[in-house]
Amino acid sequence: MATVPDYRWRMAPEGLATRRQLREMGLRPGGQDVAAELQRPRRRRGPLVAYLYRIDHAKPVRPMTAGRAASLAKAMRARRTCSNCRRDAGYCIPRSLGMCVTCDDIRRERSA
């Protein structure tokens, strides 16, 4: 990939947007290469980097189909299902725990 121009925070020219900004406009990058980088300096670590894409090359977001909606619902249900008690926790299970908070509390009580 060729080098891309870097811009400081809030200094990017018109016609460029991040993925999130494109999404707000109902657009997606659509396979285009990164046009530029936006860098926000931080004191202790390296800068935060956001990739910018050209708005005029962006494509409309694909519409949600019934199949995609079902697939997304299945994936979210799997993220909410506890691997220990197999119940729907009602929230996404933290990957750091690997089980719902209730099962993790029980596990900690038993090991203490």
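Summary of the structure given here. The model shown is predicted, which means the values in this text are computed figures rather than measured ones. (Residues numbered from 1 in each chain as written. Predicted model: local features only at pLDDT ≥ 70, side-chain atom pairs only at ≥ 80, totals over all residues. Heavy atoms only, no water.)

### Here we look at the pairing of strand S5 (residues 48–54)
Note on strand geometry: in a regular strand, side chains alternate between the two faces of the sheet. Summarising the sheet, strand S2 (residues 16–17) and S5 pair through two bridges and their orientation is antiparallel. By the bridge assignment, Ala-17 is partnered in S5 with Tyr-53. In this sheet, S5 lies alongside strand S4 (residues 36–40) in antiparallel orientation, the contact comprising five bridges. Residue pairing in the sheet places Gln-39 in a bridge with Val-49 of S5. (Pairing = 2+ DSSP bridges. Helix = DSSP H or I, 4+ residues; strand = E, 2+ residues; numbered from the N terminus.)

### Some words on the layout of surface pockets
In this structure, the largest pocket spans a volume of roughly 290 Å³. Considering the residues around the largest pocket, the lining is formed by 16 residues, among which Ala-12, Leu-16, Gln-21, Leu-38 and Leu-52 are closest to the centre. The residue makeup of the lining of the largest pocket, split by class, is eleven nonpolar, three polar and two charged. (1 Å grid on protein atoms, 1.4 Å probe; cavity = no way out; pocket = protein on both sides within 12 Å on 5 of 7 lines; lining within 4 Å. Points joined across faces, edges and corners; volume = space filled by probe spheres on them. Nonpolar A, V, L, I, M, F, W, Y, C, P; charged D, E, K, R; others polar.)

### Focus: the packing of aromatic side chains
Taken as a whole and assessed by the stated rule, the structure comprises zero aromatic pairs. Just above the ring of Trp-9 sits the side chain of Arg-40; from NZ or CZ to the centre is 4.9 Å. (Phe/Tyr/Trp six-rings, centres within 6.5 Å; stacked < 30°, edge-to-face > 60°. Lys NZ or Arg CZ within 6 Å of the ring centre and 35° of its normal.)

### Looking at the pattern of salt bridges
For the structure shown, the criterion picks out four salt bridges. Two residues, Asp-56 and Arg-54, come together in a salt bridge whose shortest N-O distance is 2.7 Å. When its relative accessible area of 56% is taken as the criterion, Asp-56 is described as exposed. Taking relative accessible area as the criterion, Arg-54 reaches 34% and is therefore assigned partly exposed. Asp-88 is the salt-bridge partner of Arg-80, the closest N and O atoms lying 3.3 Å from each other. Within the structure, one salt-bridge network assembled from shared partners comprises Asp-104, Arg-107 and Arg-108. (Salt bridge = Lys/Arg side-chain N within 4 Å of Asp/Glu carboxyl O. Buried < 20%, exposed > 50% of the residue type's maximum accessible area, 1.4 Å probe, protein only.)

Geometric values such as these leave the question of function open.
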